[in-house]
Amino acid sequence: MKLKSIIYFILFTILTSCSSDDNSTITSTESEPIPEPVKENIYIFSNNSKTIDLNYYKGDKGEEYPEEAEDFFKKNWSFYNDPLIEKIELRNDSIIINKSNITEKYKYSKNGNDIIIYDNKEKIIIGSLDEKTNNLKIYKNFQSFFFYDENTSESFSSKKSNYGEINYNDIFPLIKSTPKDLKSKEDYIFWGNIEYSFKK
């Protein structure tokens, strides 16, 4: 009789334990769903760059010198074919540009393939994304000018590079009204646009 009691006790304990484990598993699955992984697209520079255009005006008549534009560009930006970007991350609403010593983050939107960022309330088409080929293109512009005022003996100069493309209307009349406003032999205005390719 004692033996039967012991056997019933053991069976009862085993069944209760299994039932308890089953219930806890179901409860855990229902109340704590497994989170989806964060979707993150990372693009690396493919060592390919393409010159979109180069523009060079100089002299006291403000004439254009397209044959000298490339030499001027390479002399002033010797590493123009390197965007100095290690990787680019595209997230749901932000683009993160990682350089060797700095990280830049911008909110972005898309218009077709174009990627648009807003920098100090300025709308900039920073590049384009072809999702079929996983090819991301980033645009950078380079601009430089020098003016000498013979009346005051003052000179004005600038040299910079930014994201996005610029064109004739971004230079004239913002920097000078027209190329003919260059008055000195040393005066010049240069701008150019380069496209860099990144792959996922």
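Look above for the structure.
Enquirer: Please give an account of unusual backbone geometry that cites residues and values.
Expert: For the peptide bond that leads from Phe-172 to Pro-173, omega is 10 degrees, which places it in the cis range. With respect to the helices and strands, Pro-173 occurs in the loop between α3 (168-171) and β10 (188-199). The phi dihedral of Asn-120 is positive, around 55 degrees, even though this residue is not glycine. You can see Asn-120 is positioned in the loop between β6 (114-119) and β7 (122-130).

Enquirer: Explain the environment of Tyr-188 to me, using residue names and the numbers behind them.
Expert: Its place among the elements puts Tyr-188 in strand β10. With 132 residues separating them in the primary sequence, Tyr-188 and Tyr-56 have C-alpha atoms 7.2 Å apart. Excluding anything up to four places from it in sequence, Tyr-188 contacts Tyr-56, Tyr-57, Lys-58, Phe-72, Ser-144, Phe-145, Phe-146, Phe-147 and Leu-182.

Enquirer: Requested: an account of helix α2 (residues 66-76), with residues and values cited.
Expert: Of the residues making up α2, those classed as buried are Ala-69, Phe-72 and Phe-73. Around the axis of α2, the buried residues are gathered within 100 degrees of arc, so they sit on the same side. Those residues of α2 that are exposed and angled more than 90 degrees off the buried face are Glu-67, Asp-71 and Lys-75.

Enquirer: So, the packing of aromatic side chains: which residues are in play, and what are the values?
Expert: Per the stated rule, a full pass over the model turns up 21 aromatic pairs. Geometrically, the ring pair formed by Phe-73 and Phe-142 is edge-to-face, given 5.2 Å between the ring centres and 70 degrees between the ring planes. Of this pair, Phe-73 sits in helix α2 while Phe-142 is found in strand β8 (residues 135-149), placing the two residues 69 residues apart along the sequence. Judged by its relative accessible area of 1%, Phe-73 is buried.

Conventions we followed
Position numbers for residues start from 1 in each chain and track the written sequence from start to end. Local features in a predicted model are, by the rule used here, given only for residues with pLDDT of at least 70; side-chain atom pairs are given and counted only at 80 or more, and totals for whole chains, interfaces and linings are based on all residues. Water and hydrogen atoms play no part in the side-chain values, which are based on all heavy atoms of the structure. In this description a helix means any DSSP run of H or I spanning at least four residues, a strand means any run of E spanning at least two, and both kinds are numbered starting from the N terminus. Contacts are assigned to residue pairs that have any heavy atoms within 4.5 Å of one another. Relative accessibility decides the category of a residue: with a 1.4 Å probe and only protein chains considered, values under 20% of the type maximum give buried, values over 50% give exposed, and everything between is partly exposed. The directions considered for the arc are those from the helix axis to the C-beta atoms. Each Phe, Tyr or Trp ring (for Trp, its six-membered ring) is paired with any other whose centre lies within 6.5 Å, and the angle between the two planes then decides the class: stacked below 30 degrees, edge-to-face above 60, tilted in between.

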